[in-house]
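Here are the chains, one letter per residue:
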Amino acid sequence: MAESKQWWRDAVLYEIYVRSFADSDGDGLGDLQGIRSRLPYLRGLGVDGLWLTPFYPSPGHDHGYDVADYVDVDPRFGTLTDFDALVADAHALGLRLIVDIVPNHTSNEHAWFRERRDLYVWRDEPNNWPSTFGGPAWTFDEERGRWYLHLFAPEQPDLDWHNPEVPAEFEAILRFWLDRGVDGFRIDVAHALYKDAELRDEVEPFPVTAFSSDWRAGIDRPEVHPLYRGWRRLVDSYPGERVLVGEVVFSDPARVAPYVRPDELHLAFNFTLLFEVWDAERLRATINGSRAALGDVGATPTWVLENHDVTRLPTRYAGGEPGRRRARAAALLLLALPGPVFLYQGQELGLEEAELDDEDRQDPIFFRTHGARTGRDGCRVPVPWTDGAPGFGFTTGSPWLPLPADWGGVAVSAQSGAAGSTLELYRRALALRPRGGGLAWRDGPPGSLVLARGDLTCAVNVSGEPFPLPPGELVLASDPSVQDNLAPDTAAWLRRGAA
Ligand code: NOJ
């Protein structure tokens with residue numbers, strides 16, 4: 001494995017949504033052996049590492065983000081032996097492997113919730129906090145005659161991090177996976193572990209659709225920072241530059257910055273581009289704003305356009321052909337930015353949000369809010385591997401979410417080696433992507449984004465008019481039409497000759 005210093009500062013990490021990636025045993029759910037069988041594909045794609053969403057035993061009320069045992073593998077996904085084999089194979093191919101840790105809440109089927117009830121947050125009367133998934137954040141427990149807190153589903157009771165037994169348990173859990181050779185952790189809901197000790201009411205009215213936690217005053221408490229300084233020391237005490245990546249869900253990067261000071265988390269997701277529209281000025285301002293806020297603490301912003309919680313990019317950008325073109329252009333912008341990039345499985349195929357019948361939907365958000373939010377199933381539909389094969393090569397059985405019948409053309413088999421395909425665009429871009437160095441904006445026509453990284457120039461046309469390419473040798477284009485001109489919704493990479 002490459003031992004470059006601070007490898008994570010410009011790595012590309014690929015998110016594997018385990019239940020939808022590859023199924024080895026025909027039960028319709030992806031699993032660890034399935035991932036193992038596809039490692040050569042990931043190596044060939046050119047990513048540096050993988051982030052696996054939770055594969056721990058779980059009743060599945062939030063598809064694995066309700067963990068019933070932090071130190072085992074759900075039998076539907078495999079065994080600890082399979083996990084060890086996956087780590088060994090990934091490392092042999094030079095791929096890092098990061099696992100998801102879910103410390104804010106457990107499943108209500110975790111033994112702690114039955115046997116060690118003081119590990120959770122209880123109150124005699126609920127406060128006014130809403131659950132992120134809709135409805136109140138409190139559920140009455142008949143047996144105890146008290147209310148327990150759940151920022152997410154009622155089946156996900158929140159742990160009380162003010163109880164010192166909780167951090168002690170999690171230190172042991174981190175050590176368990178570090179000893180098994182993981183290269184780090186993605187920390188779920190990293191900003192919310194400690195709640196306001198007095199559990200005071202939030203100021204109403206609450207924003208109903210905000211994915212961001214900017215408005216919650218009861219979280220983002222100072223006590224979380226000493227915890228992460230301790231986790232940083234722990235992770236850094238292991239060899240091999242392992243990393244902590246925080247899911248710190250604020251839309252304002254200035255609120256993410258305190259989590260990535262040099263002695264805390266190595267990285268945190270920067271979700272700003274995830275919610276940005278296709279507009280040159282806004283994209284530039286968002287990129288600059290993230291770099292300024294995080295650069296101030298010596299951190300490097302990460303870049304994310306897709307994950308398992310949000311609508312697929314082509315669909316967000318307009319849908320249909322315009323959405324697909326914009327998403328391909330955005331891929332070249334994304335991979336030209338300095339700093340780590342997170343890709344979500346299927347993004348490299350240009351997958352669009354799948355349309356699902358209501359009876360096929362599985363996401364609790366959909367059920368709990370009766371469609372007030374759309375649910376997250378459309379971006380979680382399994383990966384189409386093979387055009388023409390049963391289950392598109394994802395499974396020999398019946399996939400847990402149906403794949404759209406017309407996905408043959410976007411399957412890996414159909415795009416592999418096909419000139420002009422989105423998959424080949426990602427492969428080329430990952431191979432040519434600049435590493436290290438800063439970013440310099442260049443002047444360009446209105447509605448353009450033109451930036452230089454070393455000798456590479458990236459030009460993106462976000463306007464409605466074509467414009468001439470900047471100087472340089474054309475090395476990669478998001479669309480075959482790009483020659484001397486850049487059409488609307490396309491992008492190009494150019495190499496400048498010796499200056
Ligand atoms: C963030 C995860 O990405 C999401 O899928 C999950 O529902 C919540 N955290 C709660 O764990």
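Draft legend 1. Spotlight on the site of the ligand. Neighbouring the ligand are 13 residues; Asp 62, Asp 188, His 308, Asp 309 and Arg 376 lie closest to it. Asp 188 places a side-chain nitrogen or oxygen 2.7 Å from an oxygen atom of the ligand. One nitrogen or oxygen atom from the side chain of Arg 376 is found 3.0 Å from an oxygen atom belonging to the ligand. Summarising the interface, the protein chains cover 96% of the accessible area of the ligand, which totals 300 Å² for the free molecule. Of the residues contributing to the shell around the ligand, the split by class is four nonpolar, two polar and seven charged.

Draft legend 2. Just the pattern of salt bridges, in detail. Summed over the entire model, instances satisfying the criterion amount to 37 salt bridges. Of the charged contacts in the structure, one is a salt bridge between Arg 36 and Asp 89, with a shortest N-O distance of 2.7 Å. One end of the pair, Arg 36, is in helix H1 (residues 32–37); the other, Asp 89, is in helix H3 (residues 80–92), with 53 residues separating them in the sequence. Its relative accessible area of 28% is what places Asp 89 among the partly exposed residues. Put simply, Arg 325 and Asp 479 hold a salt bridge, and the shortest N to O gap is 3.2 Å. In this pair, Arg 325 is assigned in helix H10 (residues 320–334) and Asp 479 in the loop between strand S16 (473–477) and strand S17 (485–486), connecting sequence segments 154 residues apart. Sharing partners across several salt bridges, the network here consists of Asp 62, Asp 309, Asp 363, Arg 376 and Arg 380.

Draft legend 3. Seen up close, the packing of aromatic side chains. Under the defined criterion, the tally for this structure stands at 29 aromatic pairs. Ring centres of Tyr 70 and Phe 170 lie 5.0 Å apart, and the angle between their planes is 70°; on these two criteria the pair is classed as edge-to-face. Taken as a pair, Tyr 70 in the loop between strand S2 (49–52) and H3 and Phe 170 in helix H5 (residues 165–179) lie far apart in primary sequence, 100 residues in all. Residue Tyr 70 shares its accessibility class with Phe 170, and that shared class is buried. Judged by centre distance (5.1 Å) and plane angle (75°), the ring pair of Phe 113 and Tyr 148 falls under edge-to-face. Within this pair, whereas Phe 113 is found in helix H4 (residues 111–115), its partner Tyr 148 is found in strand S6 (residues 146–149), the two being separated by 35 residues in sequence. The two residues Phe 113 and Tyr 148 agree in class, both being buried.

Draft legend 4. The sheet that holds strand S14 (residues 456–461), seen in detail. The antiparallel open sheet is built from five strands, whose spatial order is S12-S13-S14-S18-S16. Single-partner strands in this sheet number two, and they are strand S12 (440–441) and S16. Where helix H8 (residues 280–295) meets the sheet, its contacts fall on S12 and strand S13 (448–453), and the angle it forms with S13 comes to roughly 35°.

Draft legend 5. Local environment of the domain arrangement of the chain. Looking at the chain, the domain boundaries give domain 1 (7–106 + 164–432) and domain 2 (440–495). For domain 1 and domain 2, the distance between their C-alpha centres works out to 29 Å. Taken together, the contacts link 21 residues of domain 1 with 23 residues of domain 2. Carbon and sulfur atoms make up 65% of the area that domain 1 and domain 2 hide from each other, which totals about 2,000 Å².

Draft legend 6. Spotlight on the nonpolar core. In terms of nonpolar packing, the biggest core is built from 141 residues, with Leu 52 and Phe 83 touching the most fellow members. Counting contributing residues, this core receives three or more from each of domain 1 (7–106 + 164–432) and domain 2 (440–495). Filtering out sequence-adjacent residues up to four positions away, Phe 83 remains in contact with Leu 32, Leu 52, Phe 55, Val 73, Leu 97, Val 99, Trp 177, Arg 180 and Val 182. Counting 14 residues, the second largest nonpolar core, distinct from the first, contains Trp 129, Leu 151, Ala 153 and Ala 192.

Draft legend 7. Seen up close, the sheet that holds strand S7 (residues 184–187). Pairing is parallel across the open sheet formed by eight strands, whose spatial order is S9-S8-S7-S3-S2-S1-S11-S10. Each of the sheet's edge strands pairs with one partner strand only, and the pair in question is strand S9 (267–268) and strand S10 (303–304). Across two bridges, strand S8 (residues 243–246) lies against S9 in parallel orientation. Paired with Val 245 across the strands is Leu 267, a residue of S9. Taken strand by strand, H3 contacts S2 and strand S3 (96–101), and its axis lies near 140° from that of S3.

Draft legend 8. A look at empty space enclosed by the protein. Applying the stated rule across the entire model yields five cavities of 30 Å³ or more. If you add up the space inside the largest cavity, you get close to 50 Å³. What lines the largest cavity is simply Glu 306, Leu 313, Pro 314, Ala 327, Arg 328, Ala 331, Gln 347, Gly 350, Thr 422 and Tyr 426. Taken together, the elements giving at least two residues each to the lining of the largest cavity come down to helix H9 (313–316), H10 and helix H13 (422–432). Along the lines of polarity and charge, the residues of the lining of the largest cavity split into five nonpolar, three polar and two charged.

Draft legend 9. Broad picture of the packing of H5 against helix H6 (residues 224–236). Direction vectors running N to C along H5 and H6 enclose 25°, while the axes themselves pass 11 Å from each other. Classified by the interaxial angle, the pair formed by H5 and H6 is roughly parallel. Judged by the sense of rotation from one axis to the other, the crossing of H5 with H6 is right-handed. On H6, the residues that touch Pro 167, Phe 170, Glu 171, Leu 174, Arg 175 and Leu 178 of H5 are Leu 227, Trp 231, Leu 234 and Val 235.

Draft legend 10. Just the pairing of S13, in detail. Of all six residues in S13, six are buried, a share of seventy percent or more. Along S13, one buried face is formed by Ser 448, Val 450 and Ala 452 and the opposite face, lined by Leu 449, Leu 451 and Arg 453, is buried too. Note that S12 and S13 share two bridges and pair antiparallel. Bridge assignment links Ala 440 to a residue of S13, and that residue is Ala 452. Remark: six residues form the turn of the hairpin made by S12 and S13, two consecutive strands paired antiparallel; Gly 447 in that turn has positive phi of roughly 80°. Here S13 pairs with S14 via six bridges, running antiparallel.

The rules behind the values
- Residues numbered from 1 in each chain as written.
- Predicted model: local features only at pLDDT ≥ 70, side-chain atom pairs only at ≥ 80, totals over all residues.
- Heavy atoms only, no water.
- Near = heavy atom within 4 Å.
- Polar contact = N/O pair within 3.5 Å; in protein donor to acceptor, adjacent residues only side chain to side chain.
- Areas by Shrake-Rupley, 256 points an atom, 1.4 Å probe, with all protein chains shown as cover.
- Nonpolar A, V, L, I, M, F, W, Y, C, P; charged D, E, K, R; others polar.
- Salt bridge = Lys/Arg side-chain N within 4 Å of Asp/Glu carboxyl O.
- Helix = DSSP H or I, 4+ residues; strand = E, 2+ residues; numbered from the N terminus.
- Buried < 20%, exposed > 50% of the residue type's maximum accessible area, 1.4 Å probe, protein only.
- Phe/Tyr/Trp six-rings, centres within 6.5 Å; stacked < 30°, edge-to-face > 60°.
- Pairing = 2+ DSSP bridges.
- Contact = heavy atoms within 4.5 Å.
- Axes fitted to C-alpha atoms, helices over the stretch in contact; angles between N-to-C directions.
- Domains from an automatic or database assignment.
- Buried area = accessible area lost by both parts, 1.4 Å probe.
- Core = buried A, V, L, I, M, F, W, Y, C linked by side-chain atoms within 4.5 Å.
- 1 Å grid on protein atoms, 1.4 Å probe; cavity = no way out; pocket = protein on both sides within 12 Å on 5 of 7 lines; lining within 4 Å.
- Points joined across faces, edges and corners; volume = space filled by probe spheres on them.
- Parallel < 35°, antiparallel > 145°, perpendicular 65-115°, else oblique.
- Left-handed = near helix turned anticlockwise from the far one by under 90°.

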